[in-house]
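In case you want the letters, here they are:
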Amino acid sequence: MENNWLDLSSTLGLIATGVLTFNFLLGILLSTAYRRSLLWKRLPEWVKKVSLDEVHNWTAYVALVFALAHPVLLLPDATLKYKLADILLPVNAPHQAFWTVPGTLALYALIIVIITTQKVVKNRLGFRAWKNIHLISYGTALLFVVHGIVMDPLLKDRPIDWLDGEKLVSELCGLALVVATVVRWRYYMRRQRRIA
């Protein structure tokens, strides 16, 4: 049963990365004028009726559950020697402490983004402050992907196997995030030139 906790933790971490990537891509889409695009107009009506804002919010909640469960599942496995303090502040974690920190920072950033997106908090912050806080999602995505790529899934401090299936998931998510960020930046720059 010991390895099952580690396997389950790794699986939930990968699921969280996938859901967060989808959530991030939705967020980028929502920040554009996607409803005016020809592609959007050609979609079936039932697709256009789906509230992408709600899907974006709910995928963040789902990702948060998986991201929270990911490190917590290391606690029951006594052979890993993780304590709650190692999860909350992993600088002295028993395995790969340096690379555990980005995952923990990403989790805390995700919590901040989700809390500040709640209507009551968002309204009190105002749009500009909320948007500036929400922009930490870019760093959060980077931290999640880096954590997923460099961590040894067996926590044996082995070197990175770039072609390992679990690493490929994180690498593909990272690639999708980079491409989407570049496309979004280009969209922003074109829009700025039109305004100027």
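Refer to the preceding data block for the structure.
Calculation notes
Residues numbered from 1 in each chain as written. Predicted model: local features only at pLDDT ≥ 70, side-chain atom pairs only at ≥ 80, totals over all residues. Heavy atoms only, no water. Axes fitted to C-alpha atoms, helices over the stretch in contact; angles between N-to-C directions. Helix = DSSP H or I, 4+ residues; strand = E, 2+ residues; numbered from the N terminus. Parallel < 35°, antiparallel > 145°, perpendicular 65-115°, else oblique. Left-handed = near helix turned anticlockwise from the far one by under 90°. Contact = heavy atoms within 4.5 Å. Nonpolar A, V, L, I, M, F, W, Y, C, P; charged D, E, K, R; others polar. 1 Å grid on protein atoms, 1.4 Å probe; cavity = no way out; pocket = protein on both sides within 12 Å on 5 of 7 lines; lining within 4 Å. Points joined across faces, edges and corners; volume = space filled by probe spheres on them.

**A short note on the packing of helix α6 (residues 97-117) against helix α9 (residues 136-150)**
Then, in step 1: Close contact between α6 and α9 brings their axes to 8 Å; oriented N to C, the two are set at 150°. Relative to α9, the element α6 is oriented roughly antiparallel. Between α6 and α9 the crossing geometry is left-handed. From α6, W99, T100, P102, G103, L105, A106, L107, A109, L110, I112 and V113 reach across to α9, where they touch I136, S137, T140, L143, F144, V146, H147 and V150.
Then, in step 2: Its residues assigned to classes, the contact of α6 with α9 comprises 14 nonpolar, five polar and no charged.

**Observations concerning empty space enclosed by the protein**
Then, in step 1: The final tally for this structure, using the stated rule, is one cavity of 30 Å³ or more.
Then, in step 2: Volume-wise, the largest cavity comes out at about 510 Å³.
Then, in step 3: Along the walls of the largest cavity sit 28 residues, with S9, G13, H70, H147 and M151 positioned nearest its centre.
Then, in step 4: Elements represented by at least two residues in the lining of the largest cavity include exactly α1 (2-30), α4 (52-72), α5 (84-88), α6, α9 and α10 (165-195).
Then, in step 5: With seven residues, the top contributor of residues to the lining of the largest cavity is α1.
Then, in step 6: Per-class residue counts for the lining of the largest cavity are 13 nonpolar, 11 polar and four charged.

From the geometry alone we can't say anything about function, so treat these as descriptive.
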